[in-house]
Amino acid sequence: EIVLVTGVQTCALPISAMQLLAERLIRAEADEATLAGWAEQLEAMVETVGIPERRDTREANRKLFTGKATADDIYHMMDYDPVGGPSNPIAPQVQWLQEDQDGIRGEVSLGLQYQGPPGRAHGGVIAWLLDAGLSRALHAAFRLGVTGTLNIRYLAATPIEAPIECRAHITGQEGRKDRKSVV
């Protein structure tokens, strides 16, 4: 099913099914013949889908850089986002609970595909989530920027398959540099 969200097509059902499949395949133990059968079915699906054109997000990006972006433009850009993008099958599906000029807040539960040490999320995945939270806070405040430095001090391991809350907000500005905080 293709769903229109604020004028943008998002393939919510197939993406959700792909994420569930990835989680289950990581856990699956099967003989070689079964695995080959699954691969054949997946390859047939790839053939059916073909190579669709990628949606052009450049216009929305231009509007953001000129200060003329709307919330719809930002959504249009974030639809493919690697963290929480509803049309990105590798994205951990963050449920964004707050997105405004005061900051962002979201919740996510990381599955086995994001595991590092047994039962814990990979530290790189946590850095990925933190960076995405900072970016999302900038976009929510209608500001531009990229991460120049990301310093992380891990105080404890993050469990997989348990709710994680991510919060970020802009704390200040020095010249062209925005200062952000993420928890």
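Above this note sits the structure.
Caption draft 1: Focus on helix α1 (residues 12-27). Here α1 is 16 residues long and its end C-alpha atoms lie 23 Å apart, about the 22 Å a rise of 1.5 Å per residue gives. Buried within α1 are the following residues: Ile15, Gln19 and Glu23. One side of α1 carries all its buried residues, which in axial view fall inside an arc of 75 degrees.

Caption draft 2: Broad picture of the packing of helix α3 (residues 58-65) against helix α4 (residues 71-78). Packing of α3 against α4 brings their axes to within 9 Å, and their N-to-C directions diverge by 130 degrees. Classed by the angle they form, the pair α3 and α4 counts as oblique. Taken as a pair, α3 and α4 cross one another with a handedness that is left-handed. Listed contacts from α4 to Ala60, Asn61, Lys63 and Leu64 of α3 are Asp73, Ile74, His76 and Met77.

Caption draft 3: Up close: the packing of aromatic side chains. According to the stated counting rule, one finds one aromatic pair in the structure shown. Ring plane angle 50 degrees and centroid distance 6.3 Å describe the contact between tyrosine 114 and tryptophan 128, whose orientation is recorded as tilted. Taken together, the residues span a long stretch of sequence, with tyrosine 114 in the loop between β4 (103-109) and α5 (123-140) and tryptophan 128 in helix α5 at a distance of 14 residues.

Caption draft 4: Structural view of the pairing of β4. Here strand β3 (residues 95-100) runs beside β4; their pairing, made up of five bridges, is antiparallel. From the neighbouring strand, aspartate 100 faces β4, where its bridge partner is glycine 103. Adjacent in sequence and paired antiparallel, β3 and β4 are bridged by two residues. For β4 and strand β5 (residues 163-174), the ladder comprises six bridges, and the chain directions are antiparallel. Each residue of the ladder has a partner; that of valine 108, found in β5, is isoleucine 164.

Caption draft 5: Molecular detail of unusual backbone geometry. Positive phi outside glycine occurs at glutamate 161, with the angle close to 55 degrees. Here glutamate 161 lies in the loop between α5 and β5.

Cut-off values and rules
- Residues numbered from 1 in each chain as written.
- Predicted model: local features only at pLDDT ≥ 70, side-chain atom pairs only at ≥ 80, totals over all residues.
- Heavy atoms only, no water.
- Helix = DSSP H or I, 4+ residues; strand = E, 2+ residues; numbered from the N terminus.
- Expected span 1.5 Å × (residues − 1).
- Buried < 20%, exposed > 50% of the residue type's maximum accessible area, 1.4 Å probe, protein only.
- Arc of directions from axis to C-beta.
- Axes fitted to C-alpha atoms, helices over the stretch in contact; angles between N-to-C directions.
- Parallel < 35°, antiparallel > 145°, perpendicular 65-115°, else oblique.
- Left-handed = near helix turned anticlockwise from the far one by under 90°.
- Contact = heavy atoms within 4.5 Å.
- Phe/Tyr/Trp six-rings, centres within 6.5 Å; stacked < 30°, edge-to-face > 60°.
- Pairing = 2+ DSSP bridges.

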